[in-house]
Amino acid sequence: MQHFDTLLRAATVTGKHGLPPVHLWNPPDCGNIDMRIAADGTWFYQKTPIGRPALVRLFSTILRKDPERYVLVTPVERVGIVVDDAPFLGVEMRVEQGEKGQTLHFRTNVDDWTMIDAAHPLRFELGASAGLKPYFRVRADLWALVKRALFYDLVDLGEVREIDGTRMFGVASAGSFFPMVPADEIGVSA
C-alpha cells in the first residue's frame, strides 16, 4: 500500500502541469506492485478494478516502458506493473483534410489525443484469433490498441501503394503511409 500512496501523490502533483518527464527519472527499482492493465483497458489494483477514471488517468501519466517491463515511475521510486496487451486503447478517431492529405487523430481511453504521423505511427500485427490488430504510438514506447469498430473505419480509408516493389494496402496520415497487408493477400486491385 505504501507504493500505491506514493505513486498517487506523485501522479496528483505532476498531473496538474501536463505530462511529467518520466523519461528523465531514474529512481531506485522498488520491485513490482500488484497492478495490471487488462487487454480491454481496465486498470486493476490488487485484482480489483480501479473504478475512478480520473485516478486511471493520473496513473497513466507516470507510466513508462522500460526495456524489461512496464513501470510506474516517480522521482523517488519505480515499480513494475503488468500490461496484458497495450497500455491504452484507441476509442475515437477523427479524420481531417489538409495540405498533407488526410490526417488521423485518435483519442485514447484516458482522453489523450494523438495525431498519427511519422513520430506516432500505426503498426499492424496478426492477432491469435482477432486477425489483424492495429496499434498507434501514444508517446515514447507506449502504444494503444485501436478498438475493432475503429479498425473497420481505418480499412474504409485504406488505399494501395507500392512499397519496395510490393503493392501494399494501408492507410495514410499526415504525409506518411502505414501498410497493413500485401494488397494481393486481400484481393485489392486498385
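Given the structure is predicted, the values throughout are model-derived calculations rather than measurements. (Residues numbered from 1 in each chain as written. Predicted model: local features only at pLDDT ≥ 70, side-chain atom pairs only at ≥ 80, totals over all residues. Heavy atoms only, no water.)

Let's shift gears to the nonpolar core. Residues Phe-106, Leu-122 and Leu-154 are the most contacted members of the largest nonpolar core, which totals 43 residues. Among the elements that make up this core, the one with the highest residue count is strand E5 (residues 70-73) (four residues). The contacts of Leu-154, once residues within four sequence positions are left out, are Met-93, Leu-104, Phe-106, Leu-122, Phe-124, Pro-134, Val-146, Val-171 and Met-180. (Core = buried A, V, L, I, M, F, W, Y, C linked by side-chain atoms within 4.5 Å. Buried < 20%, exposed > 50% of the residue type's maximum accessible area, 1.4 Å probe, protein only. Helix = DSSP H or I, 4+ residues; strand = E, 2+ residues; numbered from the N terminus. Contact = heavy atoms within 4.5 Å.)

So, about the environment of Ile-33. Residue placement: Ile-33 occurs in strand E1 (residues 29-37). For Ile-33 and Leu-72, which are 39 residues apart along the polypeptide, the C-alpha to C-alpha distance reads 9.1 Å.

With that settled, consider the sheet that holds strand E14 (residues 166-173). A sheet is described by the order of its strands in space; here three strands give the open sequence E13-E14-E15, paired in antiparallel fashion. Across the chains shown, the open sheet's two edge strands, defined by having one partner strand only, are strand E13 (159-163) and strand E15 (176-182). Each adjacent strand pair in this sheet contributes to an overall mean axis angle of 50°, direction not counted. When E13 meets E14, the two strands line up antiparallel, connected through five bridges. (Pairing = 2+ DSSP bridges. Axes fitted to C-alpha atoms, helices over the stretch in contact; angles between N-to-C directions.)

Two side chains that carry opposite charge are able to pair once their charged atoms sit near each other. Under the counting rule described, the total for this entry stands at 14 salt bridges. With its nearest N and O atoms 2.9 Å apart, the salt bridge here joins Arg-57 to Asp-112. With Arg-57 in helix H2 (residues 53-60) and Asp-112 in the loop between strand E8 (101-108) and strand E9 (113-115), this pair connects stretches of sequence that are 55 residues apart. Residue class for Arg-57 comes out partly exposed when judged on its relative accessible area of 30%. A relative accessible area of 12% means that Asp-112 is categorised as buried. (Salt bridge = Lys/Arg side-chain N within 4 Å of Asp/Glu carboxyl O.)

Strand order in the open sheet made by the six strands is E9-E8-E7-E12-E11-E10, with mixed pairing throughout. The sheet is open, and its two edges are formed by E9 and strand E10 (122-127), each paired on a single side. Neighbouring strand axes in the sheet, compared pairwise and without regard to direction, differ in orientation by 40° on average. Those strands touched by helix H3 (residues 148-156) are strand E7 (88-98), E8, E10, strand E11 (131-139) and strand E12 (142-146), and its axis lies near 25° from that of E7.

A word on the side chain of Ser-173. Position of Ser-173 among the secondary structure elements: in strand E14. Looking at Ser-173, the relative accessible area reads 0%, which means it is buried. Polar side-chain contacts of Ser-173 include one of 2.7 Å to the backbone oxygen of Ile-116. Those residues within four positions of Ser-173 in sequence are excluded, and the remaining contacts are Gln-102, Thr-103, Leu-104, Ile-116, Asp-117 and Phe-178. (Polar contact = N/O pair within 3.5 Å; in protein donor to acceptor, adjacent residues only side chain to side chain.)

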